[in-house]
Amino acid sequence: MRSGRGIAVAAFGCAILTHHDARAQDAYLQGVFTGSIGVTDNVSSAAEQSDGPGPEADGFGTASPGLIFTYTTPRTSNTLSYTFAASFFFLHSEASSYSNIATWTGRFVTSPRTTLTLGASGSQGQLNTIQLEQTPGTTTIGGTAGGTTNFVQGSFNEGFSFQPSPVWQLGQAATFLAYNPLVRRPQRTYSAANTLSAQRIFRHDIASLALSVGYTHFDNVPENVPATDTDPEPEVRYVERDQLLTTLVASWQHDLGRRFSSQLDVGGVVATDVTGDAVSLVRPAGLAALRYTHDRGEAELAYTYAATPNVFLQQIQLSHQLTLRAAAPILRPSWRLSVEGSAGVQLARPLERDAEGELTTGPNTLAVLTDVALLWSPVIVIPDFALALRYQHTNQRTDTRIVRNALLVSVSGAFPRRMEAGSRISMTQPFGSAGPVGPPHRDPTPIEAPEGTEPSSAAGDATP
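Cut-offs and rules
- Residues numbered from 1 in each chain as written.
- Predicted model: local features only at pLDDT ≥ 70, side-chain atom pairs only at ≥ 80, totals over all residues.
- Heavy atoms only, no water.
- Helix = DSSP H or I, 4+ residues; strand = E, 2+ residues; numbered from the N terminus.
- Buried < 20%, exposed > 50% of the residue type's maximum accessible area, 1.4 Å probe, protein only.
- Salt bridge = Lys/Arg side-chain N within 4 Å of Asp/Glu carboxyl O.
- Phe/Tyr/Trp six-rings, centres within 6.5 Å; stacked < 30°, edge-to-face > 60°.
- Pairing = 2+ DSSP bridges.
- Core = buried A, V, L, I, M, F, W, Y, C linked by side-chain atoms within 4.5 Å.
- Contact = heavy atoms within 4.5 Å.
- Polar contact = N/O pair within 3.5 Å; in protein donor to acceptor, adjacent residues only side chain to side chain.
- pLDDT = per-residue confidence, 0-100.
- Patch = residues over 30% accessible without salt bridge, like charges linked within 9 Å, V, L, I, M, F, W, Y side chains within 5 Å.
- Areas by Shrake-Rupley, 256 points an atom, 1.4 Å probe, with all protein chains shown as cover.

Thoughts on the environment of D255
Turning to step 1, where the next piece is worked out: With respect to the element layout, D255 can be found in strand β10 (residues 236-255).
Turning to step 2, where the next piece is worked out: Owing to a relative accessible area of 11%, D255 belongs among the buried residues under this scheme.
Turning to step 3, where the next piece is worked out: Taking the C-alpha atoms as reference points, D255 and H204, 51 residues apart in sequence, are found 5.4 Å from one another.

Structure follows, in C-alpha cells:
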C-alpha cells in the first residue's frame, strides 16, 4: 500500500515538472488528486439486525492521487492513466481499503469513413462497500454484498464504426470483464458481450437499432439445499451458472431546442440459462430520458428497465431504475459555488431457477442512493480545483436492510488544468455504448474533410 502511494506521488511530481515539454510533442501529462475527511454511521455497510453486532460509526479519511498521460496525432489519440485510491478508518482499521487502477484507451481514424476504438483496464485492491471513489454526479446505483473484499479485476473493450454516407452510421462493439475476489472459495465472474448497431441521422433527430448478445459465467454460486426429515439443517452447495442475454432495442433521439434533448428506447430482452437444459425468459427493455446540456451545467432525468450482471451479488438482474443527475452553478457566477450530485432508486430482481427448473425472478432488492456535493472554486465555476462538502446516503433492502450515511469535506485538483471542460455527470447508457447513443443532433457532417485540413472522425462512432 505504501509503495502504491509512493508511485502516485512521484507521478504527480513528474506531471508538474514535464508538462510543458510534453505538450510541445503532442503529448499531455496531468496530475490529479482528491482527498477528504469525514464520518459515517456504518463503517462496513453492516445489516440492521436484532441479534449480533449492527452498524458502527467511525471517522475516516481518503486520498486518491493519479496521473493521466495523453498522446495525440492527427489520426490517433491514446490516454493512459493510473490512480491509487485509499480510505482509512480511525477506529476500525480492518475496514480500511485501497485500490490500484490502470486504464488505457485508444482511438484510431483508420480511414475517412472508419474509426477504431480500443481500451483496457485493470484494478487490484481491498474495497469496502462505501462508494467514494466516484464523483457525486457519477455514483452508480446497485446492490452490494456488504463487508470488505480483496479482489482483482480486468476488462477489455473494442469498438468499430463505419459511415457509408453522411447520414448513415454502422457500429460494432465488444467487451470482456473478469472479476476475481481473493477469498478461500472465489466467486469469480466472467462476462463478454458484443453489440451491432445502425443509426440514421436527421437534422434534429437520430434513429437507431441495436442488437446486443452477452454471456456471463458465475463460479461458486452458493445455493441452499432444501431441508429433509433426515437432514433438517439445510446445507449450502456451490454450483456454476451460465446465462445469456440477448437484447434488441430501437431508439429515437430528438432535439428539443439548443439545450434540451430527449431519448426513447423500446425493445425486449431474452434471458437464457444455458446451464444444463436451456430455459428462457422474455421481458421488455426500455429507456426514457430528458437531458439538459449547457457550457456551465448539465442534467439528466432517466428511467430504464434492463437486464445487467451484478458481479458483487453474482446475479443477472432485471431492474427498474430511476435516476436524476445534475451539475450546475448556484445563482451568481461571482459566488463561485456549484452543486452536483445523483439521486435514484433501483428495484432489481435476480434471474433464478425454481424447484421445477423453470427460469424465473427472485426476491426484490431495493437500492436507494442520494449523493450530493456543494463545491466552491477560487477560479471559475465547476473547475479543476474545488473544495466540497459532500453527503451520501444509501439504503438497500432485501431480506435484511443496510443503511449508511456519510458526511465529508474534500479537496480536489488537477495540474495543469484541463484545456476543455469535462462532463461532471454520467449519462444513462443501458444497452451498450455502441447502441442508441450519438452526437448532438444537428446537421450531418460530410465524410470527406475540407482540403487543407486533417481528416475528422466519423460522427457518432461506437465508443466502447
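Quick word on the pattern of salt bridges
Turning to step 1, where the next piece is worked out: This structure, assessed with the given rule, holds 3 salt bridges.
Turning to step 2, where the next piece is worked out: Residue R188 pairs with D219 through a salt bridge whose shortest N-O separation is 3.7 Å. Placement of the pair is R188 in the loop between β7 (168-181) and β8 (189-201) and D219 in strand β9 (residues 205-224), with a sequence separation of 31 residues.
Turning to step 3, where the next piece is worked out: Since its relative accessible area comes to 11%, D219 is described here as buried.

Regarding the packing of aromatic side chains
Turning to step 1, where the next piece is worked out: One pass over the full model with this rule turns up 5 aromatic pairs.
Turning to step 2, where the next piece is worked out: When the ring of F151 is compared with that of Y179, the centres are 6.2 Å apart and the planes differ by 25 degrees; the resulting orientation is stacked. In this pair, F151 sits in strand β6 (residues 148-165) while Y179 sits in strand β7, placing the two residues 28 residues apart along the sequence. In this pair, the class of F151 matches that of Y179, namely buried.

Side note on the pairing of strand β15 (residues 337-353)
Turning to step 1, where the next piece is worked out: Looking at chain direction, strand β14 (residues 315-329) and β15 are connected through 13 bridges and run antiparallel. Across the sheet, residue R325 finds its bridge partner in β15, namely S342.
Turning to step 2, where the next piece is worked out: Taken together, the 12 bridges between β15 and strand β17 (residues 365-376) define a ladder with antiparallel strand orientation. Bridge pairing in β17 places V345 opposite V368.
Turning to step 3, where the next piece is worked out: By the bridge criterion, 3 bridges tie β15 to strand β16 (residues 359-361) in an arrangement that is antiparallel. Among the inter-strand pairings, E352 is bridged to a residue of β16, identified as T360.

What about the nonpolar core?
Turning to step 1, where the next piece is worked out: With 13 residues, the main nonpolar core has L245, L318, L351 and L359 as its most contacted residues.
Turning to step 2, where the next piece is worked out: Filtering out sequence-adjacent residues up to four positions away, L245 remains in contact with S212, V213, G214, V269, V270, A271, A307, T308 and I316.
Turning to step 3, where the next piece is worked out: Residues V43, F60, A95 and L408 belong to the second largest nonpolar core, which totals 6 residues.

Notes on the side chain of H92
Turning to step 1, where the next piece is worked out: Its place among the elements puts H92 in the loop between β3 (76-89) and β4 (97-111).
Turning to step 2, where the next piece is worked out: Side chain to side chain, H92 and E56 meet in a polar contact 3.5 Å long.
Turning to step 3, where the next piece is worked out: The residues contacting H92, other than those within four sequence positions of it, are V43, E56, A57 and D58.

Some points on the environment of F162
Turning to step 1, where the next piece is worked out: Following the sequence through the fold, F162 ends up in strand β6.
Turning to step 2, where the next piece is worked out: Residue classification places F162 among the partly exposed residues on the basis of a relative accessible area of 31%.
Turning to step 3, where the next piece is worked out: Each C-alpha atom, one on F162 and one on L116, is 9.2 Å from the other, the two residues being 46 residues apart in sequence.
Turning to step 4, where the next piece is worked out: Leave out the neighbours within four places in its chain, and F162 touches R113, T114, W168, Q169 and L170.

Considering the confidence of the model for the chain
Turning to step 1, where the next piece is worked out: Averaged over every residue, the pLDDT of the chain is 80; residues scoring 70 or more account for 78%.
Turning to step 2, where the next piece is worked out: A low-confidence stretch, residues 1-13 stays under pLDDT 50, and its non-local contacts, those more than four residues away or across chains, total 17 contacts.
Turning to step 3, where the next piece is worked out: Throughout residues 15-24 the model reports pLDDT below 50, and contacts reaching past four residues in sequence, or to other chains, amount to 15 contacts.

Quick word on a nonpolar patch on the surface
Turning to step 1, where the next piece is worked out: A surface patch of nonpolar side chains, about 1100 Å² in accessible area, is lined by I37, V39, F88, F90, L91, V339, V372, L374, L389, Y391, L407 and V409.
Turning to step 2, where the next piece is worked out: Breaking the nonpolar patch down by element, the ones donating at least two residues are β1 (27-40), β17, β18 (386-397) and β19 (401-415).
Turning to step 3, where the next piece is worked out: Within the fold, I37 resides in strand β1.

A closer look at the environment of L256
Turning to step 1, where the next piece is worked out: Along the chain, L256 turns up in the loop between β10 and β11 (260-273).
Turning to step 2, where the next piece is worked out: For L256, a relative accessible area of 46% corresponds to the partly exposed category.
Turning to step 3, where the next piece is worked out: Aside from chain neighbours lying at most four places away, what touches L256 is S261, S262 and L290.

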